[in-house]
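One letter stands for each residue in the lines below.
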Amino acid sequence: MIVANLPTAVPAWRRLLGPVLLMLTWDVAVTVAYMRGWLGFETITIQYTLYGTAVALFLGFMVNAAYARWWEARTLWGSITNHSRNLARQAVTLIDTDAPRARAGLVDELVRAQAAYVHVLRTSLRGQDTPPEFGRYLTADAAERAQAAANRPNAVLNHVGALVTEARKRDMIEQLPRVQMETTLSTLADAQGGLERIKNTPLPVQYRFLPSFFARTFAIVLPLAIVQDLQWLTPIGSGLVGMMYLVAVQVGKDLADPFSDDVHDVPMTAITRTIEIDVLETIGHRPPDKVTPRREVLW
């Protein structure tokens, strides 16, 4: 996620460089051809204003739908952040570590497993290998079971639930507090399901193809429509307007996949590190450093 006031990061503009240069080349070619008399269409009137308005509506639908996906993903990660903190606090305050059948370290194991869960979920959404936190915070048996699972984040969350059940079996927690912790785990599972739904359900092809196609068609038609009025200034006028449409198309594409691990991504690395810091401090462990932006980008 770009945190600068202006999108100054080079990767943010790299995808637009080719289409913009191609569009400007076309604008210049149309202008030169008309000014030298190679094109003659004085009697042709192109209603580019009406066409441009229709294209703008298409682009508006696309960008709004893409931003809704991005914002929902960020909202779901906010829910995971809050309920991870809740789970750590509940483990510390509701589980009685002085109970006669208490097992030493169960609370620490549960909280550390929750720290591993958010990192595993992050890498799963980005299609990456398991992170270092996977082996750092999980026991060897739990890590082995999760590694063999088809859905590793869900396997880690199941391990957290099993620790809550074990605490109940050892009389370390009463039934009502156990239900409260299960409710927190259910909320985490719901948020994970929402994130996986966004990841596995792309923006409909109509939203992805039609706005892009019509915007590029408009960029081709525009210099033909205004060259009679602007003449040698056509590349400037047509280029600026066409670039606006191409930028809108690219914004929609960038926001449509909030887990693509690029500069427009939801900053899951920073979010998961924040969760890790908060839950480890709950059990008195020394947390790692906070993630900071690199070249005005927060990952």
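Predicted model only: the values in this text are computed from it and were never measured. (Residues numbered from 1 in each chain as written. Predicted model: local features only at pLDDT ≥ 70, side-chain atom pairs only at ≥ 80, totals over all residues. Heavy atoms only, no water.)

Engineer: Break down the environment of Gly252 for me, citing the residues and quoting the values.
Structural biologist: Locating Gly252 in the fold gives a position in helix α9 (residues 234-256). Given a relative accessible area of 0%, Gly252 falls into the buried group. When the C-alpha positions of Gly252 and Pro211 are compared, they lie 9.6 Å apart, and in sequence the two are 41 residues distant. Filtering out sequence-adjacent residues up to four positions away, Gly252 remains in contact with Met62, Val63 and Ala66. (Helix = DSSP H or I, 4+ residues; strand = E, 2+ residues; numbered from the N terminus. Buried < 20%, exposed > 50% of the residue type's maximum accessible area, 1.4 Å probe, protein only. Contact = heavy atoms within 4.5 Å.)

Engineer: Talk me through helix α5 (residues 140-148); I want residue IDs and the actual numbers.
Structural biologist: Every buried residue belonging to α5 is among Ala142, Ala143 and Ala146, and all of these are buried. Buried residues of α5 fall within an arc of 100° about the axis and therefore sit on the same side. For α5, the exposed residues lying more than 90 degrees away from the buried face are Ala140, Asp141, Glu144, Arg145 and Ala148. (Arc of directions from axis to C-beta.)

Engineer: A description of the nonpolar core should follow, citing residues and the corresponding values.
Structural biologist: Core analysis: the largest hydrophobic core is formed by 54 residues, its most contacted members being Trp77, Ile80, Ile95, Leu110 and Leu195. Among the secondary structure elements, those contributing two or more residues to this core are α2 (48-94), α3 (106-125), α4 (132-137), α5, α6 (152-169), α7 (175-200), α9 and α10 (268-282). The element best represented in this core is α3, accounting for twelve residues. (Core = buried A, V, L, I, M, F, W, Y, C linked by side-chain atoms within 4.5 Å.)

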